[in-house]
Amino acid sequence: MSEAKAPDRRPRLAASTLDAVRTVSPPAYDRSGPAPYVHLGPGAFARAHLGVYADDLLIAGHPARVRAVALRHGTAERQLGPQDGLYTVTTREPSAAPVTRIVGSFASVATGAEAAVAAVADPTTTLVTLTVTEHGYETTGPGSAAEVLALGLEARRVAGHGGLVIASLDNLLDNGRVLRDQVLAVAADTGPPGLPEWIEARVAFPGSVVDRMVPAPTDADRVEVAERLGLVDEAAVVAEAHRSWVVEAVDGLPPLAAADVEVVAGVGAHQQRKLWLLNAPHSALAYGGLLVGHDTIAAAVADPLVAGFVRRLVDDVLAVVDPTDGGPEPVGYAEDSLRRFANPALGHTCTQVGADGSRKLAQRVLPVVEARRVRDLPVDRFAVVVAAWLAAVTGTPVQGRPLAAVEDPAAGELRAALGASGPIAAAESAVGSALASWAPDVAAALDQLVEGGAGVLESTP
Ligand code: CS2
């Protein structure tokens, strides 16, 4: 039984205690200014990414404070409310001391659909961003992101306010269009006449690609920050140094380029690079690492068996990427991703990256499988990735030992399919109808790794 964590008696990071900090510079701007941005989903990634970009804009003198709203859970509000929205981001890079930054861009933190609707409806709001995970786009029902956006936009319309820009920051291909279509569908189904047309005319939904590796914060991270700061930050996050944001140019887009956001005509090729040449090998490292028994992504990268498998998988992806499509140069992009994964200071875990595979693989792995199959190219390595995920999510023993468990909203359905109808049925559920003919190959890969374990990483041609 782990001992209860002794409460940290140090004062809490807040506006009233900021002056006590001697080791880290406080935000160098007026924190009482307007809050024209709204962010839905103020989790660790948003704090390490959107919140820092807003901080950079504020430092550059632009009004960019953020009204953060969590749609479901009150965690962020409990962490950030007592801290006046202040929190820290600590970057961890190999052979460099950690660097902690105090971020002051969050003006407020609230929870629930009502707060989200009010923030979207506020006439001073010019930009809404979202990080609600791939899972957050699966429903347009009550309390969903699409619904609160449609309700907030209706309130703007009724009050005679103008439109705004709404940008999904989630790892979905064509995320701008996906969100736009969902909001329009809710508006058409439940909104008054005229709302869809108003949204079409007044609201822009640019595509976006965001990037920063942000492990789930741990108690040890919070203790390290408290010792450095002399104050307790319950909302502390750690991240790699790298961060980037590419967004489509649309009317009304705030001056994001002032914070080195790349504003482009179209992000499709950038999204494909991110999903296929960063997120896909990330998942392969996670499940390959779990097969061998590694805790972290960095340990998986350092393992020649896993790294060799993933490098061959990356070559498989590169074979179906068009280097002339206007996106980043593919080989260099892939090499840079692999370099970043190797960061031993980050602590990104295989179980975190391996979580929610039923949603993630549909965006980052299955489209590559389809692209290779239409070219009659082998997809055996991708079958191993999906099979390793299935073993982890269903608790199927590999060489007699279950892998470290990964969370997944489809876990129950997959376990039931496996138990009732066997691996092919589970594989069909995992890969979906478009790839149903591939399910037997995934099931065969599952059988192979159940018997052969991590050796399958080497034996896959
Ligand atoms: C990761 C991503 O957990 C995962 O699925 O692949 O969160 C990844 O760290 C980010 O997309 C990097 O920008």
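You'll find the structure just up there.
This report concerns the structure included in the present document. (Residues numbered from 1 in each chain as written. Predicted model: local features only at pLDDT ≥ 70, side-chain atom pairs only at ≥ 80, totals over all residues. Heavy atoms only, no water.)

## Focus: the packing of aromatic side chains
Line of reasoning, step 1. Using the criterion set out here, one finds two aromatic pairs in the structure.
Line of reasoning, step 2. Ring plane angle 55° and centroid distance 5.2 Å describe the contact between Tyr87 and Phe106, whose orientation is recorded as tilted. A residue pair is termed long-range when its members are at least 10 positions apart, and Tyr87 in strand E3 (residues 87-91) and Phe106 in strand E5 (residues 106-111) qualify at 19 residues. In terms of burial, Tyr87 and Phe106 fall into one category: buried.
Line of reasoning, step 3. The positively charged end of Arg243 is found above the aromatic ring belonging to Tyr53, 4.7 Å away from the centroid. (Phe/Tyr/Trp six-rings, centres within 6.5 Å; stacked < 30°, edge-to-face > 60°. Helix = DSSP H or I, 4+ residues; strand = E, 2+ residues; numbered from the N terminus. Buried < 20%, exposed > 50% of the residue type's maximum accessible area, 1.4 Å probe, protein only. Lys NZ or Arg CZ within 6 Å of the ring centre and 35° of its normal.)

## Quick look at the pattern of salt bridges
Line of reasoning, step 1. One pass over the full model with this rule turns up 24 salt bridges.
Line of reasoning, step 2. Residue Asp55 pairs with Arg101 through a salt bridge whose shortest N-O separation is 3.0 Å. Of the two residues, Asp55 is situated in helix H2 (residues 50-59) and Arg101 in strand E4 (residues 99-103); the sequence distance between them amounts to 46 residues.
Line of reasoning, step 3. Judged by its relative accessible area of 2%, Asp55 falls in the buried class.
Line of reasoning, step 4. Measuring nitrogen to oxygen at the nearest pair gives 2.8 Å for the salt bridge that ties Glu154 to Arg157. In this pair, Glu154 and Arg157 are both assigned in helix H5 (residues 145-159), three residues apart and thus about one turn of the helix distant.
Line of reasoning, step 5. The exposure class of Glu154 is buried, given its relative accessible area of 15%.
Line of reasoning, step 6. According to the relative accessible area criterion, Arg157 is partly exposed, its value standing at 25%. (Salt bridge = Lys/Arg side-chain N within 4 Å of Asp/Glu carboxyl O.)

## Things to note about empty space enclosed by the protein
Line of reasoning, step 1. One pass over the structure, following the stated rule, counts one cavity of 30 Å³ or more.
Line of reasoning, step 2. What lines the largest cavity is simply Leu169, Asp170, Asn171, Leu172, Asn175, Ser208, Val209, Val210, Gln271, Lys274 and Leu275.
Line of reasoning, step 3. Those elements that place two or more of their residues in the lining of the largest cavity are strand E9 (208-211) and helix H9 (268-292).
Line of reasoning, step 4. Here the lining of the largest cavity is composed, by residue class, of five nonpolar, four polar and two charged. (1 Å grid on protein atoms, 1.4 Å probe; cavity = no way out; pocket = protein on both sides within 12 Å on 5 of 7 lines; lining within 4 Å. Points joined across faces, edges and corners; volume = space filled by probe spheres on them. Nonpolar A, V, L, I, M, F, W, Y, C, P; charged D, E, K, R; others polar.)

## Thoughts on the nonpolar core
Line of reasoning, step 1. In terms of nonpolar packing, the biggest core is built from 67 residues, with Leu291, Phe382, Val386, Trp389, Val431, Trp438 and Leu449 touching the most fellow members.
Line of reasoning, step 2. Per-element accounting of this core gives the leading share, 12 residues, to helix H16 (residues 380-394).
Line of reasoning, step 3. If we ignore the near neighbours within four places in the chain, the residues touching Trp438 are Leu366, Val369, Arg373, Val379, Phe382, Ala383, Val386 and Val431.
Line of reasoning, step 4. Of all hydrophobic cores here, the second largest spans 36 residues; its members include Val52, Val66, Val210 and Leu256. (Core = buried A, V, L, I, M, F, W, Y, C linked by side-chain atoms within 4.5 Å. Contact = heavy atoms within 4.5 Å.)

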